[in-house]
Each structure stands twice: as structure tokens, then as C-alpha cells.
Amino acid sequence: MDTSRRSLIGGGLAITGTWLLGGCVPARTRSGPDGASLQPTMPYPTPPRLAPAAGGTVVEKTLRAAPTTVDLGGLLVDTWAYSDVMPGPGLDARVGDLLRITLDNQLPADTSLHWHGLALPNGVDGAPGMTQNSIAPGGRHLYEFVAQRPGTYLYGAHVGVQLDRGLYASLTIADPAEPGDYDDEWIVVLDDWVDGTGRTPDDVLRALTATRPTTSAQTGSTSTAPFGDPGRVNYPYYLVNGALPAAPVSYRGRPGRRLRLRVINAASDTIFTLAVGGHRLTVTHADGFRVAPRETAALHIGQGERYDLLVNLGDGVFPLVARPWRRPGQAMALIRTTTGMAPAVGRLPEFTKPVLQATELTPDDSARLPGRPTDVFARLRLGGQADPYGWTINGAPFGRNNPITVFQGQRLQLDVTNATTSAHPLHLHGHTMAMPNGLRKDTVLIPPSTTIPLQLDATNPGAWSIHCQNPYHAETGMAIALEYR
Ligand SMILES: [Cu+2]
């Protein structure tokens, strides 16, 4: 990567904090918390027009991002959403399909779309300041790419803390070569919710960062293994597919059938523990990659993670429950298979230990990274704290830390150390990483006081973001660039 390109990296993701206004980092665009551009934009290359692969079709859609009012189930809230629904319109494609998605920005702020978990060409990754200019109010932007790898994904806004509004939705890519051993599937999107309840996510961010530094020494952690301190955002609600537990969404099916649950944690500041009353869950995929099937009663799901689960449906009405890590409240949906008129909800699931974590899964052989020597090592030290609220990678917030660099074709090992008292779901754009157990993921929950070596092959040139999937953490600095030399 030449220096002129290099000098243009940074500044687009993290938007708060004095480092931004200090002007030490050149950037193509900078957005204030209200999304207003602070600098003129500069051109990025227009990605080439594409065609579907042989046998594929075109999945074409315009998503209109706009302020709207949504019904969480008896509770109306003002928020920002895609095409007036929350979650946004689910996109379903097959391997080889061409997705041609236009974002129509009717928001009063700049925005962009990121395709979380997809290793796309750099130009359609949707990271403002790194791969495109953010889309100004009234603007439109075309994202066009061919679906390559089957799996369960998430798409959403990648500016500020917009992801914590209603600007997110599911994306599934089916594999024609793998029909799957199930009768039906259901997409389950988990979220933590504050927007329109008297506060917006931007209000929350302002309040967090307005916290004055304590004069005393940093208070000790009240950590409980494995994920440490809970998030700092006080969410009044937790949702499944945009609905409150008081008015839960229902899946209706027949007893004896096998259901594939595609579970997506779209939350910002919440790790969930998920279980289904009266049922065992068999984990089959993590972040879209096949794993050796693993049965459990419950599992942890960090922000941005996706797990596919098989459930053999019993007869009745059963709660699907997602409990936030060390926070009160819960998200809930129902699975109904009974034909009776007045269903009795089955018992709430017992969250008996142990709850399954990604570290306990084994990849399917098809998902393993090929064995080869590591060419280059890099350290990522996740730092910072909730008081005063600010997060770093390698000792500095995004824009003031040095990009990780790699040559195309290298095997890179990222040694990620979490030096904070809470877990962070580390997300890498454009690539997937292999955990020590071989599991391939694009979002890895890093518990406090641990170091996890993650391996990846540098096969997708460009400038990429590595960041905490918690947008409050990313916005206040927990991000770094990965650049190809
Ligand atoms: Cu974080």
C-alpha cells in the first residue's frame, strides 16, 4: 500500500474523543456524532459491475434508511430503520447469487452499510473512511457482490452507534450443495434496546463519555468468569426479532420436526445466554462455518456472533429465552407446535452450567484453516475502561494506533490480549480467523485477562477494520486498521 493511500486511512469509524478533533490523522471523511461531515470527501474507486455466478440469480433490493416509528409489541418507539421495519428486511440468497443492494439514505445523518461476516472485496465493505465515503443525507449507494460462502450473517449501519438503533437485519446465504438435515428454519435476531425510550444511542454515548474521571484509583473489577463486567448501557428492553417478551414473536411448526435456528446477536452492549424451554440444542455452525455437532442446554452468544442450532421440536408452546450477561431482564420468543386452542407456555429453560462457549466447539474439517507456517505475528492489546469511558487497541484509540500491516499471501497470527475487565467481541472485516481450537470465526469473544492467538490468511487485499463489535467501544477507540502493503 503506498503512502498516499496509507495516509487516508483512519478517522471514519471512531468519531468521538479529542484525538479526532486534534487533527493528527488525515482522513477522507470525518463525521461528527450527528453524522455531519467535517471534511470534504474524496473519491474512492467505483467497484466493478458484476454478474451472478453460473446458476445464480440477482437479489435486488433498495433499503430506505429513515426515521420511523416501530411497534415493539404494545410499545411504540421512534427510531431509525430500514424500510420502516425493525429488524430490517431479511436478505436471503444462495451461493452464486448476485446481491445488488441500494441504500437510500433518508436519515438526518451520514450512514453506510456493512456486511458483517462476509469476506467481500474491499470496495463494498462499507467502512467509511477506509473503503468508501459515508453516504450523506439524501444520497444513495449501491453495494454489489456475489454471495460466496454459505452462512448466517448480519448487515447494518457502520457509522457511529447507529447499529444500536433499528439499523440492522439478517442475511442468509444458503448452500445448494448442502441441503441440511432439517425440515424448516427460523431466523432469530437478538437485540438490546434503548432508542426512543427517552434516550437515543447518541444520547447514551454522550452520557458515557461525559463521565468525569474519578479522582481515586480505578476501582477493582467485580468480574465473574468468564466474561467479566457487564456492559455500561442500561437497556430497558431486550428483543427477539424486534419484539418485547410481553408480545413475543412466535414460530409455528409441528411436533417431531427438526428446526434450524439461525441465531444472530445484533446487540451492541450485551452478551446473551440462549436456551429453549424443554429442548436440547445442537450447534451445527458458528459464524457460518460448520462445526462438529455439539449438543447443549444453553450457549453464550457475543455481539456479532451467529450460531446455527438444530432443535427436535416437542409438542407444546416453548419459550426461547436470551438472558443478558450479568444484567436483569431477558429477551423471549415462542416456539408453538401444539394444535390446542389455549396453549400453556412450557417451563422457562434452566440455565444450568455449563453453558457452551465457542472455545468448546470443534470445527468441521471443511472449515479448518490449512496447516502452514506462520509468516508474521502481530499483537493486539485491548485496553481502556468504563470510567472514564474510553477504549484502545495497542495503547491508543483508533487513528492514533499504528495499522497492522501484512503482505498478500502471508499467514498472519494476531495475538490478542484483553487487558480490560470486560469481554470484547473482536470483529475483523474481510477475513475469518482461526481460534486455537481451529474454529473459524469473524467475531471472537475475548474474555478479560486472556490472550488468544488468532490465525488468518491474508488473501483479500485492501484496508480493513479490526474493531470491538460493541459500537460504544469502537466509537471511543477500540479499533485498528489492517492494511496490505
Ligand atoms: Cu469492546
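Residues numbered from 1 in each chain as written. Predicted model: local features only at pLDDT ≥ 70, side-chain atom pairs only at ≥ 80, totals over all residues. Heavy atoms only, no water.

(A) Focus on the overall build of the protein chain. When you go through the protein chain residue by residue, the secondary structure sums to four helices and 30 strands. The proportion of buried residues among the 485 residues of the protein chain is 58%. Partitioning the contacts of the protein chain with sequence separation of at least 6, the portion at a separation of at least 24 is 75%. Element-wise, carbon and sulfur atoms account for 51% of the exposed surface of the protein chain, whose accessible area totals about 18,600 Å². (Helix = DSSP H or I, 4+ residues; strand = E, 2+ residues; numbered from the N terminus. Buried < 20%, exposed > 50% of the residue type's maximum accessible area, 1.4 Å probe, protein only. Contact = heavy atoms within 4.5 Å. Areas by Shrake-Rupley, 256 points an atom, 1.4 Å probe, with all protein chains shown as cover.)

(B) Focus on the coordination of the copper ion. Around the copper ion, the protein contributes the donor atoms His424 (ND1), Cys468 (SG) and His473 (ND1), at 2.0 to 2.1 Å from the metal centre. Each donor residue of the copper ion belongs to the same chain, with the gaps between them written as H-x43-C-x4-H. With a gap of 49 residues between them, histidine 424 in strand S24 (residues 424-428) and histidine 473 in helix H4 (residues 471-475) connect regions that are remote in the sequence. For histidine 424, a relative accessible area of 0% translates into the label buried. (Donors = N, O, S within 2.8 Å, 3.2 Å for Na, K, Ca; no water.)

(C) A look at the pattern of salt bridges. In the structure shown here, the tally under the stated rule is 21 salt bridges. Here arginine 64 ties to aspartate 84 by a salt bridge, and the two come within 3.6 Å at their closest N and O atoms. In this pair, arginine 64 sits in strand S1 (residues 58-71) while aspartate 84 sits in the loop between strand S2 (76-82) and strand S3 (91-94), placing the two residues 20 residues apart along the sequence. Close ionic contact of arginine 262 with aspartate 308 constitutes a salt bridge, the shortest N to O distance being 3.5 Å. One end of the pair, arginine 262, is in strand S12 (residues 258-265); the other, aspartate 308, is in strand S17 (residues 306-312), and 46 residues separate them in sequence. Classification of aspartate 308 by relative accessible area gives buried; the value is 1%. (Salt bridge = Lys/Arg side-chain N within 4 Å of Asp/Glu carboxyl O.)

(D) Examining the side chain of aspartate 442 more closely. With respect to the helices and strands, aspartate 442 occurs in the loop between strand S26 (440-441) and strand S27 (443-446). For aspartate 442, the residues in contact, after removing those within four places along its chain, are His116, Gly117, Arg149, Asp287, Arg306, Leu426, His427, Leu428, His431, Thr432 and Met433.

(E) Molecular detail of the nonpolar core. By size, the foremost hydrophobic cluster in this structure holds 70 residues, and its most contacted members are Leu261 and Leu274. The residues that make up this core include at least three from each of domain 2 (186-197 + 236-366) and domain 3 (368-484). When sequence neighbours within four positions are dropped, the list of residues in contact with leucine 274 reads Leu190, Val263, Leu281, Ala297, Ala298, Leu299, Ile301, Leu309, Leu320, Val321, Ala322 and Phe351. (Core = buried A, V, L, I, M, F, W, Y, C linked by side-chain atoms within 4.5 Å. Domains from an automatic or database assignment.)

(F) Inspection of the layout of surface pockets at higher detail. Roughly 330 Å³ of internal volume is contained in the second largest pocket. If you trace the second largest pocket, you find 19 residues lining it, with Pro150, Gly151, Asp175, Glu178 and His285 closest to the centre. Of all the secondary-structure elements, those providing two or more residues to the lining of the second largest pocket are strand S8 (168-174), S12 and strand S15 (289-296). Residues of the lining of the second largest pocket, tallied by class, amount to eight nonpolar, four polar and seven charged. (1 Å grid on protein atoms, 1.4 Å probe; cavity = no way out; pocket = protein on both sides within 12 Å on 5 of 7 lines; lining within 4 Å. Points joined across faces, edges and corners; volume = space filled by probe spheres on them. Nonpolar A, V, L, I, M, F, W, Y, C, P; charged D, E, K, R; others polar.)

(G) Representation of the side chain of glutamine 469 in the model. Within the secondary structure, glutamine 469 sits in the loop between strand S29 (463-468) and H4. With a relative accessible area of 6%, glutamine 469 lands in the buried category. There is a polar contact of 3.5 Å between the side chain of glutamine 469 and the side chain of histidine 116. Setting aside chain neighbours within four positions, we find glutamine 469 in contact with His116, Leu163, Gln303, Gly304, Pro425, His427 and Thr443. (Polar contact = N/O pair within 3.5 Å; in protein donor to acceptor, adjacent residues only side chain to side chain.)

(H) View of the sheet that holds strand S7 (residues 151-157). Strand order in this open sheet of four strands is S3-S8-S7-S5, and the pairing throughout is mixed. Strands with a single pairing partner mark the edges of an open sheet, and in this sheet they are S3 and strand S5 (113-116). Averaged over all adjacent pairs, the angle separating strand axes in this sheet is 20°, with direction ignored. Judged from the four bridges that link them, S3 and S8 form a sheet pairing that is parallel. Pairing of aspartate 92 across the sheet is with threonine 172, part of S8. (Pairing = 2+ DSSP bridges. Axes fitted to C-alpha atoms, helices over the stretch in contact; angles between N-to-C directions.)

(I) Region of the structure containing the sheet that holds strand S18 (residues 317-324). In spatial order, the strands read S11-S19-S18-S13-S16; together these five strands make up an open sheet with mixed pairing. Only two strands of the sheet have a single neighbouring strand rather than two, namely strand S11 (250-252) and strand S16 (298-301). Direction aside, the axes of adjacent strands within the sheet are offset by 20° on average. In terms of strand pairing, S11 meets strand S19 (residues 331-336) through three bridges, oriented parallel. Bridged to serine 250 within S19 is leucine 334.

(J) Molecular detail of the pairing of strand S20 (residues 376-386). Relative to strand S23 (residues 411-418), S20 runs parallel, the two being bridged by seven bridges. Across the sheet, residue valine 376 finds its bridge partner in S23, namely leucine 412. Strand direction decides the pairing type here: S20 and strand S21 (residues 389-393), joined by five bridges, are antiparallel. Its bridge partner lying in S21, glycine 384 is registered against tryptophan 391. Turn length for the S20-S21 hairpin, with the two strands adjacent in sequence and antiparallel, is two residues.

(K) Up close: helix H3 (residues 201-210). The complete set of buried residues in H3 reads Pro201, Asp202, Val204, Leu205 and Leu208. Buried residues along H3 cover an arc of 155° about the axis, so they all sit on one side. Contacts from the buried residues of H3 go to S21 and H4. (Arc of directions from axis to C-beta.)

(L) Layout of the packing of aromatic side chains. On inspection of all chains with the given rule, the structure shows nine aromatic pairs. Ring geometry for tyrosine 238 and phenylalanine 272: centres 5.9 Å apart, planes at 90°, overall edge-to-face. A residue pair is termed long-range when its members are at least 10 positions apart, and tyrosine 238 in strand S10 (residues 237-240) and phenylalanine 272 in strand S13 (residues 272-276) qualify at 34 residues. Residue tyrosine 238 shares its accessibility class with phenylalanine 272, and that shared class is buried. In this structure, arginine 149 is placed above the aromatic ring of phenylalanine 289, and the distance from its NZ or CZ to the ring centre is 3.7 Å. A cation sits over an aromatic face here: arginine 165 above tryptophan 80, 3.7 Å from the ring centre. (Phe/Tyr/Trp six-rings, centres within 6.5 Å; stacked < 30°, edge-to-face > 60°. Lys NZ or Arg CZ within 6 Å of the ring centre and 35° of its normal.)

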